[in-house]
Amino acid sequence: LYHDLYGQEKIELMIKGVGQFSGGRVVWAGVGESPHRVNLLSYMDRVRKIFLTKGIKINSEQFSPHTTLFKERFGNKKKRITPVGRKDLALAIKPFQDHEFGVQRFDSFQLLEMRRQDPADGFYLCEASIPLPPPPPATVNE
């Protein structure tokens, strides 16, 4: 499946803009428009269809490619961000809503369980990490 879309090419995505979801508990950086973004969305569509045919329950929300920059921990009420803190955070990230941070090369996909946390670090539980194939070795023209 991966080779059908990318061949031996690495995925390089422009990281652009920031935002929040989960009521301000998560701050993310988005992925700018590019051919690789289009391929990534197509790839994820195909993965979703494969999961459904195998009877694997998946989130029905639309896939939104992003990189998580900050996430409030689950459960610890003493360390939660207050509503005032969330408002301050929203104001702090506003100047970066359309900022281009640069190109990021990806070498794997992670399948994360969004409703469970990893006891070691409090982040989402990683069910699987799927390595992407390395690019072919460069050839030297003599």
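Residues numbered from 1 in each chain as written. Predicted model: local features only at pLDDT ≥ 70, side-chain atom pairs only at ≥ 80, totals over all residues. Heavy atoms only, no water.

As for the sheet that holds strand β2 (residues 26-31)
Stage number 1. In space, the 4 strands of this open sheet follow the order β3-β2-β1-β4, with antiparallel pairing throughout. In the strand order of this sheet, the two ends are held by β3 (66-71) and β4 (100-106), each with one partner. Strand-to-strand twist in this sheet, taken as the mean axis angle between neighbours without regard to direction, amounts to 35°.
Stage number 2. Here strand β1 (residues 11-21) pairs with β4 via 6 bridges, running antiparallel. Counted as the bridge partner of Met14 is Val103 from β4.
Stage number 3. Along the sheet, helix α2 (residues 35-53) makes contact with β1 and β2, crossing β1 at roughly 75°. (Pairing = 2+ DSSP bridges. Helix = DSSP H or I, 4+ residues; strand = E, 2+ residues; numbered from the N terminus. Axes fitted to C-alpha atoms, helices over the stretch in contact; angles between N-to-C directions. Contact = heavy atoms within 4.5 Å.)

Things to note about the pairing of β1
Regular strands place side chains that alternate from one sheet face to the opposite one.
Stage number 1. Direction of pairing for β1 relative to β2: antiparallel, over a ladder of 6 bridges. Each residue of the ladder has a partner; that of Val18, found in β2, is Ala29.
Stage number 2. Two successive antiparallel strands, β1 and β2, enclose a turn made up of 4 residues, where Ser22 displays a positive phi of approximately 60°.

Digging into the pattern of salt bridges
Stage number 1. Counted by the stated rule, this structure contains 3 salt bridges.
Stage number 2. The partner of Glu12 in a salt bridge is Arg105, with the nearest N and O atoms 2.6 Å apart. Separated by 93 residues along the polypeptide, Glu12 in strand β1 and Arg105 in strand β4 bring together distant segments of the chain.
Stage number 3. By relative accessible area, which is 34% here, Glu12 ends up partly exposed.
Stage number 4. With a relative accessible area of 48%, Arg105 lands in the partly exposed category. (Salt bridge = Lys/Arg side-chain N within 4 Å of Asp/Glu carboxyl O. Buried < 20%, exposed > 50% of the residue type's maximum accessible area, 1.4 Å probe, protein only.)

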